[in-house]
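Overview (structure and organization)
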Amino acid sequence: MAEADATADAPRDTDGFDADWIVVGSGFGGSVSALRLSERGESVLMLECGRRFEDHEHAKSTWDLRRFFWAPKLGMRGVLRLSLFRDIFIGTGAGVGGGSLGYANTLYRPKDDAFYLADQWSDLADWKAELAPHYDTAEHMLGVTTYGPAGVTDGYIRQLGRDLGVEGSFQMTRVGVFLGEPGVEVDDPYFGGDGPRRSGCRRCGACMVGCRYNAKNTLRKNYLWFAERAGTRILADREVTRLVPLGLDGTPDTDADGSHGWQVETTRPGAWLRHRRRTFRARLGVVVSAGSLGSTKLLLRQRLTGSLPRLSDRVGHLVRTNSESILAVTARTDEHDFSQTVAISSSIWPDAQTHIEPVTYGAGGGAIGMLSTLLVGDGTRVSRPLKFVGQVLRHPVRFARITWPQHWGRRSFLVLVMQSYDNAIQLRGRRRLLGRGIRYSTAQDVGRPNPTFLPIANESASRLADYIGGIPQSGLTEALFNIPITAHLLGGCAIGADPARGVVDARHRAFGYEGLLVVDGSTMPANVGVNPSLTITAMAERAMELLGSDVSVERPRSVAELT
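Nothing here was measured: the structure is a model prediction, and the numbers come from that model. (Residues numbered from 1 in each chain as written. Predicted model: local features only at pLDDT ≥ 70, side-chain atom pairs only at ≥ 80, totals over all residues. Heavy atoms only, no water.)

Observations regarding the packing of helix α4 (residues 152–163) against helix α11 (residues 455–468)
Selection rule: Only C-alpha atoms enter the line fits that serve as axes; for helices the fit covers just the stretch in contact. Angles between N-to-C directions range over 0 to 180 degrees. The secondary structure listing takes helices from DSSP runs of H or I that are at least 4 residues long and strands from runs of E that are at least 2 residues long, numbered from the N terminus. Every angle not falling under 35 degrees, over 145, or within 65 to 115 is termed oblique; those three ranges are roughly parallel, roughly antiparallel and roughly perpendicular. Crossings are classed by handedness, with left-handed meaning an anticlockwise turn of the near helix from the far one by less than a right angle and right-handed meaning a clockwise turn. For this analysis, residues touch if any pair of their heavy atoms sits within 4.5 Å. In the scheme used here, Gly and all other residues not listed as nonpolar or charged are polar, with Ala, Val, Leu, Ile, Met, Phe, Trp, Tyr, Cys and Pro taken as nonpolar and Asp, Glu, Lys and Arg as charged.
With their axes 10 Å apart at the nearest point, α4 and α11 run at an angle of 120° to one another. Compared by their axis directions, α4 and α11 come out oblique. Here the hand of the crossing between α4 and α11 comes out right-handed. Touching Tyr156, Ile157, Gln159, Leu160 and Asp163 of α4 are Ser460, Arg463, Leu464, Tyr467 and Ile468, all from α11. Split by residue class, the contact of α4 with α11 holds 6 nonpolar, 2 polar and 2 charged.

Written as structure tokens, this is what we have:
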């Protein structure tokens, strides 16, 4: 297949537009949108801030900082972006394929009906029934299967379930991985031979570093593969900085409603010079799919700078962390090797709203170990750092052992705890002095604050450490600053009944504008309690199906036609 980046600079159409639709971001929501719009015969230009990776270009270990972490001003253009705020430490994805490049390929449907029945959207649709067929489509497209056979870590997770009285909740993970003969390349096994050739999983555990062996079902292997074949053009290394509707005369007009097209302004991430900026135009509309953090920051910026004054002032509200806590367990010797599996291979449910999974980054995951430290109990921003110092003084050998990263990837695994409880934070923005950009910050939701400590998380990490004769650990920011970690940020542009309650309607259309959609995890109205990628994909499928039947989205007429 031809490299799409090479054709994304094609000249504009004679009417001055680059495409019918511009999709911002290439993650799960954006990839679904691009494919379904292209299948309808509409031209699509996708803009992605990260780079395009071929499988062999992924980092061999997390210590390859330039290829693994995302910090473009420092020359790092990898798949993992880390963002620290006052109330949360966030891990998100970057690159063509979005979060699918570095996610744990774990694809669960929500177990708890609390998600479908959340007050924010429960009266807008029968969500469980409406999403059911789209979950089926998403599972087919992403190649979902049950992982097996069970490995050493899974035995300990089953034991944890037994000791917590919930062994019956133990299950092997539903994953998007080709589990064919390890390392053997075969014709496309998913789409009747129309997809790319694939190789069987080697069970190296490096799914979240970036799969180098063509086994992980990233979006490049399914949605984006077919979207590009259907005509979608992808332009990598372009970060969207401004969205502005066009007026009747075809010029940018902040008072316009979007019915005459859109202008999208971009820059190259990390660029210091203005000449790296480029502008594109969409004839029909823009689909914002930059992920929960990216989309929320982008739309907050548009409200604050006046580019999109009609946007709901609920942008940035109801930001969800999936109520997560991420801990770690490290064995004291090399007797255990927890890396010979996929990223997440099993899970248990201590209660109806709590989900626990073991996570590995493979043998080369040592840099991730630097984000954990000695286990610290509950406390405040003042008391928890003091407790941490006390732990270091009482257990200096333990501290030295977990701080030394040698063999960390083999001897350790993370403990990911997710909950579907109703809690949230808010993402805020304000203009910097002299108008030089936006400064973003967070605050706790007053009525339902996000927890900074989960007792079941610490208990589970301690039990697992006992099983292996190892050392339980807290997340570094949680122990030092009372700031929890999440890999699954949600919300910020939540679905709602009207602009006073949400940013988009039940069809993902932004209130106040024509042709502006938000299709990604930022629209999710509640914590889902499981890895959310499958749900984001199903919601995107639904949004695109509804858009196809939406008569209000039509090709803008020219000035001559209108007059």
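Now, onward.
Describing the sheet that holds strand β5 (residues 80–84)
Put simply, the test is: In this description, strands pair whenever DSSP reports at least two bridges between them.
Strands sit in the order β5-β6-β25 across an open sheet of 3 strands; the sheet is mixed. For this open sheet the edge positions go to β5 and β25 (485–486), each flanked by a neighbour on one side alone.

Some words on α11
Test applied: A helix's residues, less one, multiplied by 1.5 Å, set its expected span. Any residue under 20% of the maximum accessible area for its type is buried, any over 50% is exposed, and the rest in between are partly exposed; the area is computed with a 1.4 Å probe on protein chains only.
Taking 1.5 Å per residue, 14 residues should reach 20 Å; α11 reaches 21 Å between its end C-alpha atoms and fits that length. Among all positions in α11, only Ile456, Ala457, Asn458, Ser460, Ala461, Leu464, Ala465, Tyr467 and Ile468 are buried. Where α11 ends, the next residue or the one after it, glycine 469, has phi of about 65°, a positive value.

A few points about the packing of helix α3 (residues 127–142) against helix α13 (residues 533–548)
Two numbers describe how α3 lies on α13: the axes approach to 8 Å, and their chain directions differ by 110°. As the angle between them shows, α3 and α13 are arranged roughly perpendicular. Contacts between α3 and α13 involve Trp127, Glu130, Leu131, His134, Tyr135, Thr137, Ala138, Glu139, Met141 and Leu142 from the first element and Leu534, Thr535, Thr537, Ala538, Met539, Glu541, Arg542 and Glu545 from the second. Considering only residue class, the contact of α3 with α13 consists of 9 nonpolar, 4 polar and 5 charged.

Points about the confidence of the model for the chain
Parts of the model with low pLDDT should not have their predicted coordinates read in detail. The cut-off we apply is this: Confidence per residue, as judged by the predictor, is encoded in pLDDT with a range of 0 to 100.
Put simply, the chain has an average pLDDT of 93, and 94% of its residues get 70 or more. This model gives residues 1–9 a pLDDT under 50, and the stretch forms 19 contacts once residues within four places in sequence are excluded. Low pLDDT (under 50) marks residues 551–563, which in the prediction has 18 contacts with non-local residues, meaning those over four places away or in another chain.

Remarks on the sheet that holds strand β17 (residues 325–331)
Within a sheet, each strand pairs with its neighbour through backbone hydrogen bonds, oriented either parallel or antiparallel. On the basis of which strands lie adjacent, the open sheet formed by 7 strands has the order β8-β18-β19-β21-β17-β24-β20 and antiparallel pairing. One side of each edge strand has no neighbouring strand; the edge strands of this open sheet are β8 (171–172) and β20 (372–374). When strand β19 (residues 354–359) meets strand β21 (residues 412–419), the two strands line up antiparallel, connected through 6 bridges. Among the inter-strand pairings, isoleucine 356 is bridged to a residue of β21, identified as valine 417. Against the sheet, α4 touches β8, β18 (346–351), β19 and β21, its axis set at about 10° to β18. Seen against the sheet, α11 touches β17, β18, β19, β21 and β24 (470–475) and runs at an angle of roughly 10° to β17.

Focus: the pattern of salt bridges
Condition: In the sections that follow, a salt bridge refers to a side-chain nitrogen of Lys or Arg positioned within 4 Å of a carboxyl oxygen of Asp or Glu.
Scanning the entire structure with this criterion turns up 28 salt bridges. Where glutamate 478 meets arginine 384, a salt bridge forms, and the shortest distance between an N and an O atom there is 3.1 Å. On the criterion of sequence distance, the pair formed by glutamate 478 in helix α12 (residues 476–481) and arginine 384 in helix α8 (residues 383–394) is long-range, its members being 94 residues apart. As far as burial versus exposure is concerned, glutamate 478 and arginine 384 are alike and both buried. Here arginine 448 makes a salt bridge to aspartate 445, at a shortest N to O gap of 3.7 Å. One network of salt bridges, in which partners are shared, links Arg320, Asp422, Asp445 and Arg448.

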